[in-house]
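Residues per chain are reported as follows:
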Amino acid sequence: MAEAVCHTRYPILLVHGTGFRDWKGISYWGRIPRELEKRGARVFLGEQDGWGTVKRNAAVLKERLESILAETGSPKVHVIAHSKGGLDVRYLVSTLGMAPCVASVNLIAVPNRGSKTMDVICRLPRWALKLAGFFVNGWYRLVGDRRPDFCSTCFQFTTSWAERFNAQNPDADGVVYRSYAGAMSSFHSDFFLWWQNLVIGCVEGENDGLVTVKSARWTGFQKVWRGIKGRGVSHMDEVDFRRRPLKKGGESWDVVEEYVAMVAELKNLGL
């Protein structure tokens, strides 16, 4: 058994981002949960909707958190959240009053300050967004979402919504906050996110294909994940989408090691 460097005092709750679910057999988090468990962590998944609003998903996460505490007997959990999942968690902690049950909030590429690109997209004709929402919501109901809401969720990525959200959801006392960002070296870095990175880069600056470094910076900012030279780290790389280390020019970078280091640091803090 690997050294128990991730055997934290409290269990770990992983909270996914938009457009995905915690499907059994198709992990949003790739190799990450298994490696953390191998190194001593107790890991649980959020299981909220893929296209649920912040308010709705936070309510689901509250039930999930309470069930984890009941199952483990632990008074608190650590939360590691990616992308919009971080907004769900911040609402859970600050508005739903779950701060006493959360030891730390670790935010990975979370759009804390919104997106100017989404400001533009959300100015498209309302009928176009509703049409897209009709198909997206229908599909996600089929795959398990209880209350998908594509249009409302899209507006929750705008800068004006983020400004109001941040004012209403300040960091909670007694909770350790840590944040991280990812950055692609160029639009060539990720086949799946090349055009998003290019557009967002022109409008807003350095980004991981979906979230800018500036938007991801929050309390307790730790670092920008840049991976290997000439490659960078995309929004999908941040959750081990490819299930393997990134390699280029003889260099290698593995996001799993970043999560191991993150959790090991929480253990070293006595948490």
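Scroll up to find the structure this text is about.
Remember, predicted model here, so these are calculated numbers, not experimental data. (Residues numbered from 1 in each chain as written. Predicted model: local features only at pLDDT ≥ 70, side-chain atom pairs only at ≥ 80, totals over all residues. Heavy atoms only, no water.)

Q: Talk me through the nonpolar core; I want residue IDs and the actual numbers.
A: Counting 30 residues, the largest nonpolar core has Leu65, Val79, Val89, Val93, Val105 and Val175 as its most contacted members. Every element with two or more residues in this core is listed here: β1 (12–15), α2 (54–72), β3 (77–82), α3 (85–94), β4 (102–108) and α7 (159–168). Leu65 has contacts with Val77, Leu92, Met98, Cys101 and Val102, leaving out every residue within four places of it along the chain. Residues Leu14, Tyr28, Ala41 and Ile108 belong to the second largest nonpolar core, which totals 24 residues. (Core = buried A, V, L, I, M, F, W, Y, C linked by side-chain atoms within 4.5 Å. Buried < 20%, exposed > 50% of the residue type's maximum accessible area, 1.4 Å probe, protein only. Helix = DSSP H or I, 4+ residues; strand = E, 2+ residues; numbered from the N terminus. Contact = heavy atoms within 4.5 Å.)

Q: I'd love a proper account of helix α8 (residues 194–203), names of residues and values included.
A: When we look at burial in α8, the residues that qualify are Gln196, Asn197 and Ile200. Along the long axis of α8, the arc covered by the buried residues comes to 95 degrees, so they all point the same way. Each element contacted by the buried residues of α8 is listed here: α4 (116–121). Taken from the residues just after α8, Gly205 is the one with a positive phi, measuring 115 degrees. (Arc of directions from axis to C-beta.)

Q: Describe in detail the side chain of Asp22, supporting the description with residues and values.
A: Relative to the helices and strands, Asp22 is located in the loop between β1 and α1 (32–38). Despite its burial, Asp22 pairs with no opposite charge, the nearest such side chain being Arg64 at 7.0 Å. One polar contact links the side chain of Asp22 to the main-chain amide nitrogen of Glu47, over a distance of 2.8 Å. Those residues in contact with Asp22 that lie beyond four places of it in its chain are His16, Tyr28, Trp29, Leu45, Gly46, Glu47 and Gln48. (Lys, Arg positive; Asp, Glu negative; His and termini not counted. Salt bridge = Lys/Arg side-chain N within 4 Å of Asp/Glu carboxyl O. Polar contact = N/O pair within 3.5 Å; in protein donor to acceptor, adjacent residues only side chain to side chain.)

Q: Got a sec to walk through the packing of α3 against α7? Specific residues and values, please.
A: At a minimum axis distance of 11 Å, the contact between α3 and α7 shows a crossing angle of 30 degrees. Considered as vectors, α3 and α7 are oriented roughly parallel to each other. α3 and α7 meet at a crossing whose hand is left-handed. Each of Leu87, Arg90 and Tyr91 in α3 lies in contact with α7, whose residues at this interface are Trp161, Phe165 and Asn166. Along the lines of polarity and charge, the residues of the contact of α3 with α7 split into four nonpolar, one polar and one charged. (Axes fitted to C-alpha atoms, helices over the stretch in contact; angles between N-to-C directions. Parallel < 35°, antiparallel > 145°, perpendicular 65-115°, else oblique. Left-handed = near helix turned anticlockwise from the far one by under 90°. Nonpolar A, V, L, I, M, F, W, Y, C, P; charged D, E, K, R; others polar.)

Q: Run through a nonpolar patch on the surface, naming residues and quoting values.
A: Among the surface-exposed residues, Phe187, Trp194, Trp195, Leu198, Val199 and Val203 lie close enough to one another that they form a single nonpolar patch of about 530 Å² accessible area. If you trace the backbone, Trp195 turns up in helix α8. Assessed through its relative accessible area of 48%, Trp195 is described here as partly exposed. (Patch = residues over 30% accessible without salt bridge, like charges linked within 9 Å, V, L, I, M, F, W, Y side chains within 5 Å. Areas by Shrake-Rupley, 256 points an atom, 1.4 Å probe, with all protein chains shown as cover.)

Q: Residue-level account of the pattern of salt bridges, with values.
A: For the structure on display, the rule yields 14 salt bridges. With a shortest N-O distance of 2.8 Å, Asp88 and Lys84 are connected by a salt bridge. Assigned by exposure class, Asp88 and Lys84 land together as buried. Where Glu265 meets Arg178, a salt bridge forms, and the shortest distance between an N and an O atom there is 2.2 Å. Here Arg178 lies in strand β5 (residues 176–182) and Glu265 lies in helix α10 (residues 255–268), a separation of 87 residues in the sequence. Since its relative accessible area comes to 34%, Glu265 is described here as partly exposed. The network of salt bridges with common partners includes Asp190, Arg231, Asp237 and Arg242.

Q: Outline the sheet that holds β4, listing residues and values.
A: Strand order in this open sheet of six strands is β2-β1-β3-β4-β5-β6, and the pairing throughout is parallel. On the outer flanks of this sheet lie β2 (43–45) and β6 (221–225), each paired with one strand and no other. In this sheet, adjacent strand axes meet at a mean angle of 20 degrees when their direction is disregarded. Of the pairings in the sheet, the one linking β1 to β2 comprises three bridges and is parallel in character. Within the sheet, the bridge partner assigned to Leu14 lies in β2 and is Leu45. Along the sheet, α3 contacts β1, β3, β4 and β5; its crossing angle with β3, the most-contacted strand, is approximately 145 degrees. (Pairing = 2+ DSSP bridges.)

Q: Go over the pairing of β3 with me, naming the residues and quoting the values.
A: Looking down a regular strand, the side chains alternate between one sheet face and the other. For β3, the tally of buried residues reaches six of six residues, placing the bulk of the element in the interior. Of the two faces of β3, both are covered, the one formed by Val77, Val79 and Ala81 as well as the one formed by His78, Ile80 and His82. Direction of pairing for β1 relative to β3: parallel, over a ladder of four bridges. Across the sheet, residue Leu13 finds its bridge partner in β3, namely Val79. Two strands pair when backbone bridges link them, and β3 and β4 are joined in this way by six bridges, in the parallel orientation.

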